[in-house]
Amino acid sequence: MKILAHSYVCPKGTFLNGKLVYDTAGEENPLKSAYQQLGAEYPKFYKMDVLSKMAFIGTELLLPFFPKDADLENDLQLIFANSSASQNTDNLFVESYEQLKNPSPSLFVYTLPNIVTGELCIRHKWYGENCFFIEEAFNPVHFSEWAQMALNKGNNCCLCAWVEAKTNGEQECFLFLLTDSEEEAYSVELELSTLIKQYRNE
Amino acid sequence: MDKPIYISALSLVTPLGNTIEQHFDAFKNGISGIKIHEKAGFQQTAIPLAKREEITGNRYDTLLREALEKAKNAHPEISGKTAVIVSSTKGNIDLLPGDTFAETASIVHEFFPATDVLIISNACISGVIAINTAADYLFAGKYDQVLVIGIDAVSEFVSYGFQSLFALSNETCKPFDKSRNGTVLGEGCGIVLVSTQKPADFAVLYKGGSSSNDANHISGPSRTGEGLVRSIEKTFRRSGKKASDIDFISAHGTATVFNDEMESIAFGRMNLDQVPLNSMKGYFGHTLGAAGVLEIIMSIVSMEKNTLFPNLGFKETGTSVPLNIIQHMEQKALNTVLKTASGFGGGNASLILQKQS
Amino acid sequence: MSDLKENLKAQIIEQLNLEDLTPADIRDDAPLFGDQGLGLDSIDALEFIVLLDSNYGIKISDPNEGKEIFQSVNTLADYISKHQ
């Protein structure tokens, strides 16, 4: 297994393969700014929750790195995880019925973490397999196990993400694309844990 | 998919009871867990719910502990490398504004210490995906057995949300029926053992499974059933089965107008429209992240007893592709069973169970 | 009436998160749903029901009723002025 490419989206900036591509530090609305710098025409972006917005931007940047000969429509598996599920939107939805006295349908539909993978599948017409795990913290060993199991089943590559939006404002989306190769799993795991540390400290 | 993988039912806690025998009796007698609950809806409206009325404290924790205790009694010997996969859409909603899944693993550890606990939250297909993932782990040799727990509790949060989508029925749950007008929310916890070792109790073989996204809309089912068709096709390929092998389908059937219509189109496209089929939402209501596991447990009971249970709430065909909806309890040899699920986020999942020869 | 329409456009943009639009981009008679107009979907239609309730005190209990009412800013404004 090997890492084909990776991206990282957080309020201070958007990174691709370790390099800063959109500097959004100090912006009032960093994700909107990153989206505008990206230049994608996808008005639905504005309706998305924070998880989907971050994953949308990070995934657009990874598109050139997907294997050219792969049947992405069917054989790309999405494996996403975080610790807080859809907590951020959950709290907004509670506010809509407790304070505003009108439960908001457009918030409710984002009160599931896997909506983020649904949004990506809609955007890119991916009909493959999806799975969303809840974990205490980013665990590179688990991601490598899940990806290996997905590849064993005949999937060609895996788009993986640790995508978190907490009520306290912590937001990050670390995306990486994995495919089969001779490389040992432990070296991928080591690389992933190094990468996320670098991204978090930059 | 060379080594055999066995699935057996360990425990089931719902408004219909807390033993599998009680559920068999309820299904035999056409008893539903659904009742109208005054003031349970937004602004004190009355809504139907399938709610376990014995619960007084935290609903999620209570359901989880009760089912875990029963499972531990049914399967006290944990031998070999064991994982627990919990399938749930919302976890413990009372933990908001914090992490709703923060305490799940520690509750599991009260009953099954020293197991690896994983949580899958993938809307209404979580249960089927959790069992598929358990099988993947066994095929990979990482574990010898996996306990899969499907759980979700009734909450104001989810009730108000479904009300805001106008997706709730005002009376009962009538999957695939002409007069269906929405789903009914339910709660429950079911636990199955997925193992490479043949259990002493009745067990069926897991033959393969898959998921597929509709790539259509985050909350509306595809009009063409594309995702469900692709998942069933993939599951057939992986299990080496075809439509004519299937003796019974445990469908999703939420009783919303669009979902059931989508399923009928997908089953028609797959030449599965003549296969006896039910949705169990008329008994359990829609238990979201628990649904797949609960319905697989009752499918295993169907296979053990060679009994087709009626699709409670169905009277008249109400989908553009007529399906072979089970209307009366019937004895039939059930060797191969297809389970499907569909849900928010465009997810569809399926798996195939087979009786041991 | 024209004030009502201008308010409505601002409320639609805010409630439906149409951040790439300004009120001037929404014509009074342009279809709100479907590919020809703003491209709104079924969840947006439900959000209109919330908008009518919270901003104008108008309750719609059957989403099917909304189809006629939510055709355009014109039809929405008509309905509001008749039912408020």
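Residues numbered from 1 in each chain as written. Chains lettered and ligands numbered in written order. Predicted model: local features only at pLDDT ≥ 70, side-chain atom pairs only at ≥ 80, totals over all residues. Heavy atoms only, no water.

## Comments concerning helix 7 (residues 140-152) of chain A
Residues and elements named next belong to chain A. Relative to the 18 Å expected for 13 residues at 1.5 Å per residue, helix 7 spans 18 Å between its end C-alpha atoms, a close match to the ideal helical length. For helix 7, a buried count of ten out of 13 residues is recorded, marking the element as mostly surrounded by other parts of the structure. Every buried residue of helix 7 is listed here: Pro 140, His 142, Phe 143, Ser 144, Glu 145, Trp 146, Ala 147, Met 149, Ala 150 and Leu 151. Among the residues of helix 7, the N-terminal cap falls to Asn 139, whose side-chain oxygen and the backbone nitrogen of Val 141 are separated by 3.0 Å. Positive backbone phi, at 105°, marks Gly 154, one or two positions downstream of helix 7. (Helix = DSSP H or I, 4+ residues; strand = E, 2+ residues; numbered from the N terminus. Expected span 1.5 Å × (residues − 1). Buried < 20%, exposed > 50% of the residue type's maximum accessible area, 1.4 Å probe, protein only. Polar contact = N/O pair within 3.5 Å; in protein donor to acceptor, adjacent residues only side chain to side chain.)

## Side note on empty space enclosed by the protein
Evaluated as defined, the whole model comprises five cavities of 30 Å³ or more. Quantified by volume, the largest cavity comes out at close to 160 Å³. In this structure, the largest cavity is lined by 16 residues; those nearest its centre are A:Gln77, A:Cys131, A:Lys153, B:Thr133 and B:Asp136. Residue contributions to the lining of the largest cavity peak at four residues, all from helix 4 (residues 126-139) of chain B. Residues of the lining of the largest cavity, tallied by class, amount to seven nonpolar, six polar and three charged. Of the volumes computed, that of the second largest cavity is approximately 100 Å³. A:Phe108, A:Thr111, A:Leu112, B:Thr89, B:Lys90, B:Ala123, B:Cys124, B:Val158, B:Phe162, B:Leu288 and B:Phe344 are the residues that line the second largest cavity. Residue composition of the lining of the second largest cavity, by class: eight nonpolar, two polar and one charged. (1 Å grid on protein atoms, 1.4 Å probe; cavity = no way out; pocket = protein on both sides within 12 Å on 5 of 7 lines; lining within 4 Å. Points joined across faces, edges and corners; volume = space filled by probe spheres on them. Nonpolar A, V, L, I, M, F, W, Y, C, P; charged D, E, K, R; others polar.)

## Observations regarding the sheet that holds strand 3 (residues 47-50) of chain B
Residue and element names in this part refer to chain B. The mixed open sheet is built from three strands, whose spatial order is 2-3-7. The open sheet is flanked by strand 2 (35-37) and strand 7 (185-186), the only strands paired with a single partner. Of the strand pairs in this sheet, strand 2 and strand 3 are connected by three bridges, and their pairing is antiparallel. In the sheet register, Ile 36 faces strand 3, and the bridge partner there is Pro 48. (Pairing = 2+ DSSP bridges.)

## Considering the state of the cysteines
All names here are of chain A. All told, the structure shown has zero disulfides over all chains when counted by the stated rule. Cys 158 takes part in no disulfide bond, and the closest cysteine sulfur to it belongs to Cys 160, at a distance of 5.2 Å. Exposure remark for Cys 158: the relative accessible area of 0% places this residue in the buried category. (Disulfide = S-S within 2.5 Å.)

## With respect to the packing of helix 4 of chain B against helix 9 (residues 291-305) of chain B
All names here are of chain B. Relative orientation of the contacting elements helix 4 and helix 9 amounts to 70°, with a least axis distance of 5 Å. By the angle class used here, helix 4 and helix 9 are roughly perpendicular. Mapping the contact onto sequence places Gly 127, Val 128 and Ile 131 in helix 4 and Gly 292, Val 293 and Ile 296 in helix 9. When the residues that make up the contact of helix 4 with helix 9 are grouped by side-chain class, the tally is four nonpolar, two polar and no charged. (Axes fitted to C-alpha atoms, helices over the stretch in contact; angles between N-to-C directions. Parallel < 35°, antiparallel > 145°, perpendicular 65-115°, else oblique. Contact = heavy atoms within 4.5 Å.)

## Concerning the pattern of salt bridges
For the structure on display, the rule yields 29 salt bridges over all chains. One salt bridge connects B:Asp25 with B:Lys28, and the closest N-O pair in it is separated by 3.5 Å. Of this pair, B:Asp25 and B:Lys28 both sit in helix 1 (residues 20-28), three residues apart, which is roughly one turn of that helix. Using a relative accessible area of 30% as the deciding quantity, one classes B:Asp25 as partly exposed. Classification of B:Lys28 by relative accessible area gives partly exposed; the value is 37%. Here C:Asp29 makes a salt bridge to C:Arg27, at a shortest N to O gap of 3.2 Å. The exposed category is assigned to C:Arg27, whose relative accessible area is 53%. Residues participating in the shared-partner salt-bridge network are A:Glu73, B:Glu226, B:Arg230 and B:Arg269. (Salt bridge = Lys/Arg side-chain N within 4 Å of Asp/Glu carboxyl O.)

## Some remarks on the interface of chain B and chain C
Taken together, the contact between chain B and chain C spans five residues of the former and eight residues of the latter. Together chain B and chain C conceal approximately 480 Å² of surface at their shared face, both sides included; 68% is due to carbon and sulfur atoms. The largest per-residue losses of area from chain B upon contact with chain C belong to B:Leu165, B:Phe166 and B:His217, which jointly make up 77% of the total buried on that side. The interface formed by chain B and chain C contains zero salt bridges. Along the contact surface separating chain B from chain C lie one residue pair in polar contact (both at pLDDT 80 or more). By residue class, the composition of the side of chain B that touches chain C is two nonpolar, three polar and no charged. (Buried area = accessible area lost by both parts, 1.4 Å probe.)

## Things to note about the domain arrangement of chain B
Residues and elements named next belong to chain B. You can read the domains of chain B as domain 1 (6-195) and domain 2 (204-354). On a C-alpha basis, the centres of domain 1 and domain 2 stand 18 Å from each other. With 62 residues of domain 1 in contact, the opposing surface of domain 2 contributes 62 residues. Its largest share of buried area at the contact with domain 2, domain 1 owes to Phe 27, Phe 176 and Arg 180, together 20% of the area lost on that side. Inspection of the domain 1/domain 2 interface yields two salt bridges. Residue Asp 260 pairs with Arg 180 through a salt bridge whose shortest N-O separation is 3.6 Å. Scanning the region where domain 1 abuts domain 2 turns up 20 residue pairs in polar contact (both at pLDDT 80 or more). Of all the secondary-structure elements, those providing two or more residues to the side of domain 1 that touches domain 2 are strand 1 (6-13), helix 1, helix 4, strand 6 (145-152), helix 5 (156-164), strand 7 and strand 8 (188-195). Grouping the constituent residues of the side of domain 1 that touches domain 2 by class yields 35 nonpolar, 19 polar and eight charged. (Domains from an automatic or database assignment.)

## Some words on the layout of surface pockets
Considered as a void within the structure, the second largest pocket measures approximately 1,400 Å³ in volume. A:Lys47, A:Ser106, C:Leu16, C:Asn17 and C:Asp44 are the residues nearest the centre of the second largest pocket, which is lined by 48 residues in total. Going through the elements one at a time, helix 2 (50-62), helix 4 (87-98), helix 5 (105-108) and helix 6 (115-124) of chain A together with helix 1 (2-15) and helix 2 (42-56) of chain C are the ones with two or more residues in the lining of the second largest pocket. In the lining of the second largest pocket, the residues fall into 19 nonpolar, 16 polar and 13 charged.

## Some details on the nonpolar core
Grouped together as the largest cluster of nonpolar side chains are 123 residues, with contacts concentrated most on A:Phe80, A:Leu159 and B:Ile149. It is helix 2 of chain A that provides the largest number of residues to this core, a total of eight residues. A domain split of this core shows at least three residues from each of domain 1 (6-195) and domain 2 (204-354) of chain B. Apart from the residues lying within four places of it in its own chain, the contact partners of B:Ile149 are B:Leu64, B:Leu68, B:Val84, B:Ile85, B:Val86, B:Ser87, B:Val108, B:Cys189, B:Gly190, B:Ile191 and B:Val293. Of all hydrophobic cores here, the second largest spans 77 residues; its members include A:Cys131, A:Tyr199, B:Leu334 and B:Leu351. (Core = buried A, V, L, I, M, F, W, Y, C linked by side-chain atoms within 4.5 Å.)

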